[in-house]
Structure formats: C-alpha cells, structure tokens
Amino acid sequence: MSKNDLLKENGEKTESRRGTLAKGLALGLGLLTLDAWTGKAAQAASGGGQVSKDSEIPTLPPPVDPWQEDVTLVMRQDLKRALSKPVDKRHWGMVIDLQRCIGCQGCTISCINENKLPPGVVYRPVLEETSGTFPNVSKHFLPRPCMQCDNPPCVPVCPVGATYKRPDGIVAIDYNACIGCRYCITACPYSARTFDWGEFYGDIVLSGPLPYEEVPSLEYGKVWVREAGKSPIENTRKCTFCLERVERGLLPACTDTCFGRATYFGDLNDPEALVNRVRQNRQVNQLKSELGTHPSVYYLL
Amino acid sequence: MEQMNLADQRGSQVSISPGSRALMVAGAVIWLALFVFGLHGLYDRLAFGSLKTAMDSYIPWGLWVSSYIWFIGLSAGSFLLSTLVYVFKLKQLEKVAPLALVVALITLIMALLSIWFDLGHMGRFYRVYLHPNFRSAMAWMVWLYTAYFVLLIFETYFALRASLVRGRSLPGLAGGISRLLTGGRQQALSEEEVRRDRRKVTILATVGIPLAIAFHGGVGALFATVVARDVWHTAIYPIIFLVGAFLSGGALFTGLIAFFWPKRDDYWRATVRLLGRVTLGLLLLEALLTWAELSVPMWYGVGPEYEELKYMLFGPYGWVFWVVQLGLCTLVPLILLVSGGKSPRATGWAGILIAVTFLSTRLNLVLPGLVTPELAGLQFSYHDGRLIYNYLPSWPEWQLLAFVISVGIALFVFAVKMLPTLTGRDVA
Amino acid sequence: MKSLSRRQFVGGSAAAMAAMGFWASGSFALAAGTKKFTDSDPEQAVLGEEKAVYTSDAFCASECGLKVTTVDGVITTIYGNVHVPYNAGTVCSKGASGKQVVYNPYRLKYPLIRTGNRGEGKFRRASWEEAIQYIAQRLGNIKKKYGPESVIMDGGDMTDQTPYWRLFYYYGTPNCAQHGAICDTPRRVGPYLVEGGMRIEPDLMRPVLVRQPDGTLKNDYSYQNKLIIYVGWNPFTATRINYESRGTVAAKQNGAKVVVVDPAFSNTAVHADKWLPIRPGADADLFAAMLRYILANNNPVNPERRYVDPGYLAYSTGWPEFETEFRSWWDKKDPVNNLPYFSLEWGAQRTGLAGEDIAELAHMFGITKPAALVWGMNGTGHHFNGEVTSTLGTALNVITGNFDVPGGVIDTALVRSDKGGNDGTDYIKGKVIERTVNGKTVTGKAWDLEMDNNGDWPAAFWGALGAYPKQFKEGVKIAYGPFAGYSYPIKGFFVRGGNPASSGSTIQRWHDVLTAKDGNGNYQTELVAYVDTAYLETGMYADVILPEASYLERMGLSDIYPSEPVMYLRDVVVPPLYEAKNQVEIMNLLAKALHDAGDADIQGKDFWDKYKKEEDFWNEMLLKSPGRNNVGTPLPYPQYPEGYKILGTPDSLEAGKVKIDSAKKVVQGQPLTAEWLRAHNGVAVWPMAWYRHQAKSGGIISTKSKKMEFHFGYLEAVNKLIQQSGGTVPYMLQKIGLSQFPTTFFWYETVWNPYTNPNYAKYKQEYPFQLISGRIHQSMSATQYVDWLGRISGEHLWMPLNEEKTVHPTVLNEKGVEVLAGTKRIRAGSWSVAVIQMNAGDARQLSLKTGDLVKLRNPQGEETQGRIMASEFIRPGVLRVPPGAGNRTSPGLGQTYEYRQTTPSSNRLLDPDLSSPITGMSTYNDMVVKVIKV
C-alpha cells in the first residue's frame, strides 16, 4: 500500500493539514499554491511497498503538544513511571517520526559510542530510501534499530536458546551462551543483527584496541571487555534499546542524541507515555509487518 | 564364504604397476601439500578466530557452511546407497556396501568439522546438548547428526565385524586395529552370529533411512524455514537438498569404486555401470529440480527472488553457476555418463567431477539468499569491510576446507589400508 | 598509546569500583524469560570512576554544547548538553565522533621539524624547546629584516584562535586571518552592508528564554514560522546549524512551508514542500526577479498583494535610492537573452526554473508573514557575484517586514553574546609605527599595514585568504591609508587549524608559493609553521609542526549562531595526550621565546605573567559577556533601563546584584567566569527578544547610522579611503568595470557561467557541465581522519565507491613520519570517498555508470579525477563534488589518503585569478568542465 492510498483512507488528516495552512496564510493564490505543493510533497514522500496501517492504536487521552517542554524530559518522566511497575507490565517501544529524521546519522554513531561497538557491528544504521527520476524524486531516511519484535524470527532459530524475548519486550542475547553460529543473523528480516568478528578500530592502523576500545561495554548490565576468544567477540550482537541505560532511567543513546528529535522511546503499555501520544492522528507504519513479526518500533509517516 | 590367505593376497591378486606406483607417489605428494596448506588454515582459525574469514554480517554464512552441507550430503548419499544393499537387498552392490558406510562416516566427520570450525565459539558446542532449543531447526540437526553418527558407528561395526575378526591375523597396525575393535574374540564368527549381525545391520539401516532423510531434508529445511530470505524460503529446498545428497553421494561412491576398487574384473565393471546409471538418473533429477528452483521465481522477471537469482546467474560470480555448476558439475558428467556409459573410467570421472564440483551447487544454494540487502539502502547506510554484499572466500577459508578434505582423504586411505575387506580384498 | 593500556585502566577501575554502585543495583534480576539474573551475579556491571564534563564541540563551526563522559580518564560517550538551547541535547554523527579525534592514531603527537623539501612530508621529532626556538628565531629575523607585517597568522578553520592572534598582534603584524575569510564572505556581505551583521538565519532556535508578562522567564518551545525559503543552503547536511535542522522539521509539522532552491536534491530538500532545482550561479538572478515581482505587484490596499511592509522602511535609510537604481534596470535588455532585466521571463531563462515558479515564490514570500529567506554557502558564498545575492536577499527580508520578528529572520551575528576583544586587536589598531615610503618617513598605525584592507581588497571585512598566493608571490603593495605606496614581502606563514594548501582557493598556487625559492636556493617564505591536531596537506609544507591539543583536551568558548545571547564553555575533558599543548600554553611559550630573543614588544605582563593558567585567558574574554543591549520585545530585563548594555551572569542579573552605570549606559552584574559556567551546566543563557532593531535607544543594528542602510555607509567610507589615498581602483573592481564600490543597488554577473555571463557563452558546447561543490558535513577537510565518518554516506557525494586496496599505513610518531611495515586490506565498498555526482540521464548519455573513473577538465587545462555517482538527485548539466574531500595528499588522513588518486578535488579546477570583487572570496562554485572517461 502506498502512502497515497493511506492519505485517501485518512481523509481527516489531509483535511486538518489544509486547515493549518488556511489559518497560517492569506487567501487566494497562496492557498491554491500551497495545496499544490502539499500534494506534491505527499507524493514525494511516498515510500516503497512496506507501508501498512497500524490498526492497534488504543483509545487514548487527547493528544498534547509535546513540544511545550523538551521531549527528552517528558520521556524521562515516562520512564520513571514505567520503571515503577514490574518488568512484565512494561513494554519498551520506539516511535520514529520520519517527518523529523534529517538523516544526520548521529544516532548511528552515538549508539556505537554508547555500546562500544567494534568495526562491523552496527545497531542502528540510517537507511536512505530513494525513488523517482529527476526532477520528481523522493527520499526518506529510515533509522533502523532492532524492531524488538513480539514474534521475533531470530529467537526460535537459536539452537542453544541464547537469544530470548524479555518480558519487557526486549529481544536479548546471552553473550556467554551464544555459540556464534550466526543462524539468527540470517533469520532476522531487518538485518538488525551483526556479528562481532573480533576487530578493533585500532586495527585499521596498528593492531589491537585504541584506548577507548578498552573501556568495557555495559550491555545487559554487565561488564564486557572485548578480548580475543571471549564474549562478546565471536557473538551475534544487536540493539537492546540501551537497556542498561533505560533501567536506570535514561533514554537510549539514539533517542537522547536525535538531531531532529525524531525518536521517541517509552512504555507502549502506558497510554500516557509520549510513545503512544505521538502516534495519535498520525499515519503509522511498521517495517515488514506483513511477516507477522509484530515489531515494537513504529514509524510515523 | 571361503577363507582366504590374507598374506598371499597382497602380492598376488593386487598387482601394482610402476605407473600406478608413480601415481601413488604423486597422490601422496598432493595430499601432503593439501595437508600443509590446510594446516595453516587450521592455525589461522585457532589463533585468530573468525578474523581471517571474508564472511561479514550481511553474508554471515560462506564457504564453510556450504562445504558443510556439501559433505553432509555426501554422507547422506553414501549412506542411502548402502541401504540399497542392507535394506533393499540389492545384490550387485553387496561387496561395496561396507565401503559406502565408511565413506558416509568419514564425510560425516568432515561435515561436522566444517561446521564446528564455522562456530564463533567452538568451545561452546556442548551447549547444543546441554541447553538445546528444540524449536530451532539447527538444534534438531545437531541431535539428528549425533543419532546418525552413533547409528553409523554401530552399523559399520556390525557390517564389518566378521571381517574384522578375520583381520586379527593381519600383520602390523591393521591387525592391531582389528584386534582392538573385536576385543577378546579369537575364533571366527559362527554363521548364526553373522546372520545376527546382518539382521542388526538391516535394522540399523532401516532406522537410518528416515534418519538420513530427516537430517538432510532437515538441513534443507534449516534454510527453507527462514522467512527472511526469499530465495531460501521455498518448499523445494529440502527436496533439492535430498536429491543433491543422493546425487553427490552416489557420484562420489561411483568415482571411488571406479578408481579405488582393486580388482578390475567384470563385477567391478558391472558395479560401476550400475552406479553410473543411478548417478545419471539422479543428475537428471537434480537438473530438473534446479530448473524448477530457478525458472519458477524468475519466469516473469519480478520479485525479490528474481533479483537474487539474477545476481547468482549474472552477477560477478555468475561463472560459478555457468562454468562450474552447469558445466563441470552437470553437462560434462552428463556427456561422460551418456557417451562413455560403458567405460568405467569415464563413469568414474563423471562421479568424481560431480562430487567435487558439487560444492558450487551448495554455494549457489547458500549465497543467493544473502546477497541482496533485506532493506533497500542498507549497503549505503554504514560501511565496513564486514558489512558488504560481496563475498569471495578468503585464503584461510580455502585452507581450512583443504584441511578438512585432507583429513577426510587420510581417514579414507587409512580405512582402506587397515580394513582390506572394504575393497573386497578379503573376499573371494 | 602505552600510557593508556588496559592494565592501568583496570587498576584504576579496581580502586574505584564502588563509585558506580547503582550499576550493581540488581535491576536485571527482574529479567525473566529463559535467563535469570540474580542480585549476586558476579558479572554485574561495575565501572571505574565515571565523570561527565560539560563542554562544547569545535569539530565543526556549529559548536554544539556537549556532555562528555570519561571512565578512568578515557572518553567514552559524547552526548549533547541539553541545557544549551542551541542544540538542546542533540548531536550529529560528527559531534558524536569526537573521541576518534582525541585517540586518533594519525594525529600529531610530537613537535616535528622538516628534514626533506617542503611538500615532501619528511619530518623528524623535535623537542618543544627546539621547535619553539626554531619558530621564535625565524620570526625574530623576519621582524628585523622585513618588519613584523611580513608574517601572516592564519587562525584557521577552528574557533579559539584568539591566543594566537593576541601573540601575533603584539609581535606586530596586522595580518591575522581566519577561516571566515575563506568560508562564505559573499554570503555575509549583504547583511554586513545593510545592518552591520553577518549571518541571517531563520528564527528557529528553540527553546528560547522569554520574559513573561509576570516577570518570570520561561523556555519557549513554540514555532512561529510560516514559510522558510532556503536558497543554496543545506543545514541538514552542510553546516549543521544545529537548531535549523530540528527547527525546520518541527516548524514544518507546526504548519510552516519549506522551500529549497538548490541544483541538487539536498537532504534539506528531502523535507521541503517544494524543491526548485535552480541552475548553479543564478541565485542573484532569482532574487532580482523576486524583488522585481514584489515591487511591481505590491499593492498596500489589496491584502493579497500587500508585500512590502512600509513600517520596516522607517528603520532604514536609502531605500528610495536603492529602489530607483533597481528599477532603472527594468527597461534594459539583457544581451544574454534579449529580455528585460529581472522580469519573470528573464529570471526563467537565467535560473532554468519556470517563470510561474518564480512568481509563486515571490508571491508566497511577499504575503506570508512571518517568512524567512535564507541563503547559504553554495548559493552565495562560493559564487563570484554572491555579494549581489546576499544584498538582494537582505533587502527582500527587510522590506517584507521579516527582520527580527518571531518566525522571521535573525541576524545571529548581531545578537549573540560578546566574548571579548583581548585578541590584541585594540593593541594593533592603536600601535603607532613608522615606515619609509618613497624615501619619506611616514607615521601611522600598525593596522594600516593590513594587507587586504589597505591593499587589493579594501572592502574585505574578514580578509581575503583565497587571494593570499598572489601576496606571497608578489608581496603586499599598500595602496590605501597613510602607508600608501609602501610594499613588503610575505616571509612568514604561521597557520593553525587551517589547511589552505588543500582548500584555500586554487591549491596549485599554494603549492607554488610555499615551495618557491629565491636566487640562492632558499625558500622565499622563510618560515612556515603549522599548528594543529591533524596532519593535513599544509603541514606537509611546514618547516616546523606543533601538536595542538584537540578540542576535548583544552578550553575555549562558544557563542556561535544563536538567536539570543548564549555562552558556553569548552572545558578540558581529558588532559592533552602525547605532547600536545593548548593554545594558551603555546602562546605563552612562543611569547617567552620571542621576548628572550629580544622582542621588546612582547612582555610577560601581556602573556605568561598575565595568563598563568589556561583558564585566566578565557575568563578575561568572558568579562564582556553577554555585552548586548537591553532592547527588544519582550524587553529582556524590564527592571533595567532600556538600551543599556548588559554584562554579567544571568543569575546576578536576575537577582539584581548589579551596578548600573548611567554615564556609560551599562548594567554590570557579576562577571561570568569559567567556574560559574561549570557550576551551571556549562552554559549561560540570557533572555530572547524580537524587534531588537526598533529600539530608539540603540538597537542591534550596528551600521554607523544605526539604521538599516540601503545606501551603504561602509562602502562609502571605503570609497572615501580610496580617494584620499590616490584613487587606485582595486583590480577586481576594474575587471568588472567599476571605478568605485557601489553604495546602493549593484549588479554584476557571476563568472564561468555560459548561461548568465555572455563572456563565457562560448564554452557551452565544449564544456557542457557546470561544476559546483556540495558540502558534506562528515567529509570536510580534517574530518576525514575520523574513521566513523568514512563509514557513513552523504547525498550521493560521499559514497562507499572505494576500490579494494592493500596499504601500508603512515603515522607520525617518535620516529617522525613512519610508514608501517604491516599491510592493511581495505575491502571494496567499505569506505566513503568523495565522488562526482552526475545526473543519471547525463550519465546514460555519456555511457557512464556509477563507479566509473572519469577526468574533469576545465577550459584552463586543469584536471582532476574521480568516480561517477549517477544520481537522479541533481539537475542535468551539473556536476557536484564535496569540497576539499578528494585528492588528499596527506598521509595523516588515513584511508582517505589511500584513495587520493581516484577522488576529485574541485579546488584544482577553480579559476585562481577571479575572486569576488568586494570580499575577495574564491569562486569555488563557478567553473565549467568536460568529462573524459579514464
């Protein structure tokens, strides 16, 4: 389904956009012109064939403008509420507003910083999807964290049960149990899993780690120093929504750092949480949801 | 069954011409080169882990996984061939059946070595036994291999026990091994005992048939069940794997009998011809399935499978399909089998050619599912030598494969030397 | 790296294990599933001593506020400082990559002294003592033989050059340049002439601190913008004016419309409502057509045609003159297309856009209030006639009433916090010197010897760095001021943080002048000193190299581009690694050495005795913060007299702990210090206001008349100086047929543009492509030695089209320059390199595909080569390459260096003899080329 179809279905949305315009601008030519532009812009922004409508938005309190204060502060309050609940009563989720992502890839690098990722391991690349021919072209940026699927294809394939679904929705890997067969990498439809081949950024020039590569990562709340033959080297690795940060009330690195403030994070079970409020009255898409993976990551178109 | 004087047999019945001695020396030199070459790969694997491989996170399975399914197919094929005798009582192959069992065992060891070396944490292999996840096709595979491995050992033992007991009198190591395997047993087996062993073998082989189909079809299913990979995710995959196993296993065995069976008599000629026909039939069936596998998703030229298969056929490594898989592994053997059908040598070459080049078929099953990005634009998002959609096995990968093959050859030669019965040298 | 081995790291962390008790709080015990975590899990995370430092970026000109975490003294994470409104906690990929600058294996680690020829890149390690003596001795000789003005100090691309300027001003040379001179001066000239500012940006910084009716201060997150037009300006990719990125998308969601005018479909255009793929170099043409449409169709009584805001003209002078001059062109026919100047048809012909689109744009901009018209480096900064563009753009914003209104445009240069003037400018401007001119002894100020303002570029308000090779070669001929007729050679070049040999105009010329020898075989330029953290091409020409602390190892101040006064501290996160030193240390060391060698101009009281600690220097600069007048609506400080200059910390101003000096009209709170900043999240924010140009008591407008000038007082003064000095017409003015600087509307065509300048029409057939540059944030000059930034792509300009290579890395270590014995393999497709973006249709026509290697040749015979990126995201007939990103010859750039043969340098192709007539800016984006397949 293309975004145009969605626009048709969601007539109300299109209408309200016009309304804003009318308020903001004078009459006549201006309105006509802008309408034309809006149409073109909507066309330009239409994506590929992976768009589907999220039909599961619960009835929620009226939307508020989160921009009355810094959204990261709002979301930290959300985290506090969520963390006061038992772990199985929360469901961590992420919402990425594609209208706000500017493709700076700050999240990609911040994530590498936070998780001390080695070469070849990336948890959150930002994809560029492009289409059209000059001058009718379009492009959108698609940050791709782990979808933390509710029905994750990567979990059942693991021969030793090293990867598993936590009750709070995070798909985790027990590094010390992982045998490094990489079956899960082939099974993930999002390429969200990468393998730690044992390389260091220092190897590009010398050999062995640079000073910052000797600082351990704290994934899953444990200390991981990368040494040959020891986990997480020779393990599959993946985005954890920065679980160890989240559990102490901090936002995932990508969310904190997001240049366009396009990334929202919080407890999907909490109707008051910003992750739920920002989805209201927006067209929502999930990646490859036709596979039935039920991702915990939503994209706002 | 007539007892033979084993000591006489070596000199009189198997004559080794100066030419074949030269060949043997050449073979030994080649093997040694392969082994040394391979040893370096083993060192790289043990010292550097996965570092020296060319695999990456977008193409996480490469030569080692492909050679693993190649070997495991050879094993399943050889084993199923042996069941023609042990279950289906095909007389013609009776003499060669024990060898088929041993080949199945050796190629199984080669397969397990290949996949073991592919594991990031080789030391954690035991976890599949202690903490298996039986939803995983891979866990099933490991358990089925284990069962198959145990079954093969027992079946081989019972199939060979009579001749092992006879072999106690052999000089040197061969006799020692026979004595070791038969324990305190001194006298020859009674006919009743032979019959009992034979029945055990039949039962084990009968059990082995579904097992071999399960594990090898299961290897196909291991790929086919992965929803994320369009090319893999098809019901034909397990079937292709099975037919491929029959073909490659049968072809290997054909080649082995054609070249390593010591007595070039009528029996040998008839056996090779029979094996050649079986191989030919399987080759045609394999070709049909390959046609189905490629033509169905590609017919209208749209869809993700089309793109991936197109890459396989016309991408930078298209020659692997056209030259190796289609040429050396299909057309040349086909010509040899059809036109040289009466020549055991031509049939043998066809078998060897198929068995060796069948790796290309395996590579072409594994890699196309991995070569295109699962999400458009992934290749331009974050770059690294380990995040690219272009895989060519590195030297250390080839070297480790060479090591595994040299181990297999060594085991085969050792088995043939130590157990003369395998090549019919203790049978009238 | 030994000093930071893991052994020490672990030792340190063992000592401080308990410091991070909360890591062991056992929250993971809650995790269920197949795994169970227990409270007593021995592997529970315990880290060493974790420390967070608020500091600020200097990796790019945006200078975001940062929060940098270290563990046992090693930098681990870099986040944005959420308290700095400029970036509000966000950082981009470049900002987050800072630790790869600090721990970069390619960085400069020790002082080095040249052992080979200049440009060869052969060095040996030297002690600081030896290196400083080397520089001081040569500076002393030059000063004695030729005078101190013979030395140029280039403060480079990074901020915090003040200590060096101070040193060189005291040494006696007025020739202190900085990055701004080579960045985008034509873009700034319009605002500079009209309101004395420099950078017109949309009012998008949020939050801003706003005084409420009840007297309290509140962070305002609301966006008022209705229309934003970016012309040749790409904040999402090029210069990440941080708040413009998040502000643009936020304002758009709030209903604002965004238009991007750019030959390429930039990442900013991705989020635009309309993209207008203009022909390169036609921005002035577009603005002129818009202005004509607006003036011609303006109707004060028709709400649909009420474009001009007459109220605004009350704050200006000279508009009628400007308008009359502008209208006087309307009846003239353009020889290029035989159409009346500035008409829609004319605009369409020139810009390659549809006439209706231009009309729409003008109309939209005219009726939409507030709106913002913003132009950038590529549209104006790097074209010969960018000065025309920025002047017209400023006029468009002002007459439509969008200047300094909520949601309109703000000249950030006029409202940002002051950070002092102790760089020695006052000293050099007041220093009386004597020179013998034509046999007569003349007395003047040392400043009067400044090479640009008194030489070829009398109106270049930031210098004309791009024209320096000419001065190096020919010497400086002072044409204006008391020393008119005096000449001096350039004998010393002290460059810090800059890389002119790769990016400062035509690089061949820089090579020639830095390696030129005199009759005796000695280098004509007697000293080239290079100070930086990175080893770049200019360093290869240096006689001596000093390793400077990276921005995370030293102090500094950031105040850049915001809508309200904001000042934040660049603080020391980790002490300098290896033997690097910070600027204040280097300043003091050099000052002491010069003093000891007998330079009486340099005294301890001005340097090492005055600034004992690094912090002393920056505290002195902070004394003048924020230094802005109490003006605008809402009035920032209603409790203090309107119009008074505000000084001091925000909290002392709020609390009334101030002294009010009515004579000087100053409200002095407690002085801002580094210590205060550290105690307050690293940042001081003062209240925002709008309409700051309207204050009767002296608003923000800093022209002489305190009004927005359409009769340019600045250029009039320059003309007066020229007349007084004998009337020599600057050579670039002569080239465009002017005898003096224009003081009202002016027009001249850009160069090397066959579509707008008749002189170049003949090249249309043989050289069918216009070559422009497209800035990619992660590929700028020194940036490329940061590994992570080679791992991401950008806008079809910075793509992983590298070929497979096996290389021997080169590093600068104890041995000097060392080519390592071991080889490294770089896989094809694993590294972003500079590419040539070409329209896909053009590529098809030339039978080229992505990855093909081609040569670009210009009519002057210069060439560069690189790989084609066939793209739908660029106008046909246009080639775009990232500036300064390709053909890098310094091994200090790591993998980028390895691909020097297959990556393009647009700097090789620009015309070295043409610089923008007013500012002297190199014409980076004006060239035509042909494409030859290699």
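If you're wondering where the values come from, they're calculated on a predicted model, not measured in any experiment. (Residues numbered from 1 in each chain as written. Chains lettered and ligands numbered in written order. Predicted model: local features only at pLDDT ≥ 70, side-chain atom pairs only at ≥ 80, totals over all residues.)

What am I meant to see in the overall build of chain B here?
A count of helices and strands for chain B gives 14 helices and 0 strands. Scanning chain B from its N terminus toward the C terminus, one meets helices and strands in the order α-α-α-α-α-α-α-α-α-α-α-α-α-α. Here chain B has a C-alpha radius of gyration of 22 Å; the compact-globule value for 428 residues is 22 Å, and the two agree. For chain B, the spread of C-alpha atoms along the principal axes amounts to about 70 × 50 × 40 Å. Put simply, 78% of the contacts in chain B that link residues at least 6 apart link residues at least 24 apart. (Helix = DSSP H or I, 4+ residues; strand = E, 2+ residues; numbered from the N terminus. Rg over C-alpha atoms; globule rule 2.2 N^0.38 Å. Contact = placed C-beta atoms within 7 Å.)

Would you take a moment to explain the overall build of chain A for this structure?
If you tally the helices and strands in chain A, you get 10 helices and 10 strands. Looking at chain A as a whole, 61% of its 301 residues qualify as buried. A separation of at least 24 residues holds for 67% of the contacts in chain A among residues at least 6 apart in sequence. (Buried ≥ 20, exposed ≤ 12 C-beta atoms within 10 Å, placed from the backbone.)

Where do I start with helix α3 (residues 63-86) of chain B in this structure?
The α-helix advances 3.6 residues per turn, and as a result positions three or four apart in sequence lie on the same side. For α3 of chain B, which comprises 24 residues, the first-to-last C-alpha distance of 34 Å matches the rise-based estimate of 34 Å (1.5 Å per residue) to within 8%. Here α3 of chain B lies mainly inside the structure; 24 of its 24 residues are buried. (Expected span 1.5 Å × (residues − 1).)

Hey, could you run me through the interface of chain C and chain B in this one?
Where the parts come together, the accessible area they lose is often given as the size of the interface. Between chain C and chain B, the residue contacts involve 11 residues of the former and 7 residues of the latter. Looking at the side of chain C that touches chain B residue by residue, the classes come out as 5 nonpolar, 4 polar and 2 charged. (Nonpolar A, V, L, I, M, F, W, Y, C, P; charged D, E, K, R; others polar.)

What's the story with the nonpolar core in this structure? I'm lost.
Here is a general trend for soluble globular proteins: nonpolar side chains tend to be buried in one another's company. Counting 501 residues, the largest nonpolar core has Ile229, Met290, Val374 and Leu590 of chain C as its most contacted members. For Val374 of chain C, the residues in contact, after removing those within four places along its chain, are Ile200, Glu201, Pro202, Ile228, Ile229, Tyr230, Val231, Trp233 and Val409 of chain C. (Core = buried A, V, L, I, M, F, W, Y, C linked by C-beta atoms within 7 Å.)

Explanation requested: the sheet that holds strand β26 (residues 626-629) of chain C in the structure shown.
Strand pairing within a sheet occurs via backbone hydrogen bonds; the two strands may be parallel or antiparallel. Residues and elements named next belong to chain C. The strand order across the open sheet built from 4 strands is β26-β27-β29-β28, with neighbouring strands paired in mixed fashion. Pairing within the sheet leaves two strands with one partner each, and these edge strands are β26 and β28 (659-661). Averaged over all neighbouring strand pairs, the angle between strand axes comes to 15°, with direction disregarded. The pairing of β26 with strand β27 (residues 645-647) spans 3 bridges and is antiparallel. (Pairing = 2+ DSSP bridges. Axes fitted to C-alpha atoms, helices over the stretch in contact; angles between N-to-C directions.)

I tried to follow the pairing of strand β6 (residues 151-154) of chain C on my own but got confused; where do I start?
When a strand is regular, its side chains alternate between the sheet's two faces. All names here are of chain C. Alternating positions in β6 separate into two faces, Val151 and Met153 on one and Ile152 and Asp154 on the other, with burial throughout. Relative to strand β21 (residues 492-496), β6 runs parallel, the two being bridged by 4 bridges. Pairing of Met153 across the sheet is with Phe494, part of β21. Pairing of β6 with strand β7 (residues 176-177) involves 2 bridges; the strand directions are parallel.

Which parts of the structure should I look at to understand the pairing of strand β2 (residues 126-133) of chain A?
Residue and element names in this part refer to chain A. Sheet topology places β2 next to strand β3 (residues 136-143); 8 bridges connect them, and they run antiparallel. Considered in β3, the bridge of Glu129 is made with His140. What sits between the antiparallel neighbours β2 and β3 is a turn of 2 residues.

Before we go on, may I ask you to explain helix α6 (residues 137-167) of chain B in this structure?
Between its first and last C-alpha, α6 of chain B extends 42 Å over 31 residues, near the 45 Å set by a 1.5 Å rise per residue. The axis of α6 of chain B is deflected most strongly, by about 60°, at Arg161 of chain B. (Bend = angle between axes of the 7 residues up to and from the residue.)

Can you walk me through the confidence of the model for chain B in this structure?
If pLDDT is low for a region, its predicted coordinates should not be looked at in detail. Model confidence for chain B is summarised by a mean pLDDT of 89, while 95% of its residues fall at 70 or above. Helix α4 (residues 97-118) of chain B holds the highest mean pLDDT among the elements of chain B, 95, whereas helix α1 (residues 6-12) of chain B holds the lowest, 40. (pLDDT = per-residue confidence, 0-100.)

Just to check I follow, could you spell out unusual backbone geometry for this structure?
Trans peptide bonds make up the majority, and among non-glycine residues the majority have a negative phi. Residues Arg206 of chain C and Pro207 of chain C are joined by a peptide bond in cis, for which omega reads 0°. Here Pro207 of chain C shows up in the loop between β8 (200-202) and β9 (208-211). Cis rather than trans, the peptide bond between Ser625 of chain C and Pro626 of chain C has omega equal to -10°. Positionally, Pro626 of chain C belongs in strand β26. You will see that Glu234 of chain A, though not glycine, has its phi angle at about 65°, which is positive. Structurally, the position occupied by Glu234 of chain A is in the loop between β6 (193-195) and β7 (236-238). Accessibility expressed as a C-beta count within 10 Å gives 25 for Glu234 of chain A, which makes it buried.

How do you make sense of the environment of Pro882 of chain C when you look at a structure like this?
All names here are of chain C. With respect to the helices and strands, the residue Pro882 is situated in the loop between β42 (878-881) and α31 (895-898). Sequence spacing of Pro882 and Ser779 is 103 residues, and the spatial spacing of their C-alpha atoms is 7.4 Å. When sequence neighbours within four positions are dropped, the list of residues in contact with Pro882 reads Ser773, Gly774, Arg775, Ile776, Ser779, Leu797, Trp798 and Ala834.

Quick question: what am I supposed to make of the packing of helix α10 (residues 266-298) of chain B against helix α13 (residues 344-366) of chain B here?
Residues and elements named next belong to chain B. At a closest axis distance of 9 Å, the pairing of α10 and α13 adopts a crossing angle of 45°. For the element pair α10 / α13, the angle class is oblique. Viewed along their axes, α10 and α13 form a crossing whose handedness is left-handed. Contacts between α10 and α13 involve Trp268, Arg269, Val272, Arg273, Gly276, Thr279 and Leu283 on the former and, on the latter, Pro344, Thr347, Gly348, Ala350, Gly351 and Ile354. Of the residues in the contact of α10 with α13, the class split is 6 nonpolar, 5 polar and 2 charged. (Parallel < 35°, antiparallel > 145°, perpendicular 65-115°, else oblique. Left-handed = near helix turned anticlockwise from the far one by under 90°.)

Looking at this model, I keep getting lost on the environment of Ser390 of chain C. Mind explaining?
Residues and elements named next belong to chain C. Inspection of the secondary structure puts Ser390 in helix α16 (residues 386-399). The spatial distance from the C-alpha of Ser390 to the C-alpha of Lys218 is 34 Å, given a sequence separation of 172 residues. Excluding residues within four positions of it along the chain, Ser390 makes contact with Pro186, Arg187, Arg188, Val189, Gly190, Pro191, Trp375 and Thr380.

Explain the sheet that holds β6 of chain C here, please?
All names here are of chain C. Spatial ordering of the open sheet is given by β5-β4-β23-β22-β21-β6-β7, a layout of 7 strands whose pairing is mixed. Looking at which strands have only one partner, the edges of the open sheet turn out to be β5 (123-125) and β7. Of the pairings in the sheet, the one linking strand β4 (residues 112-114) to strand β23 (residues 544-547) comprises 2 bridges and is antiparallel in character. Of the residues in β23, the one forming a bridge with Leu112 is Ile545. Strands in contact with helix α4 (residues 128-146) are β4, β6, β21, β22 (527-532) and β23; relative to β22, the strand with the most contacts, it is inclined by about 135°.

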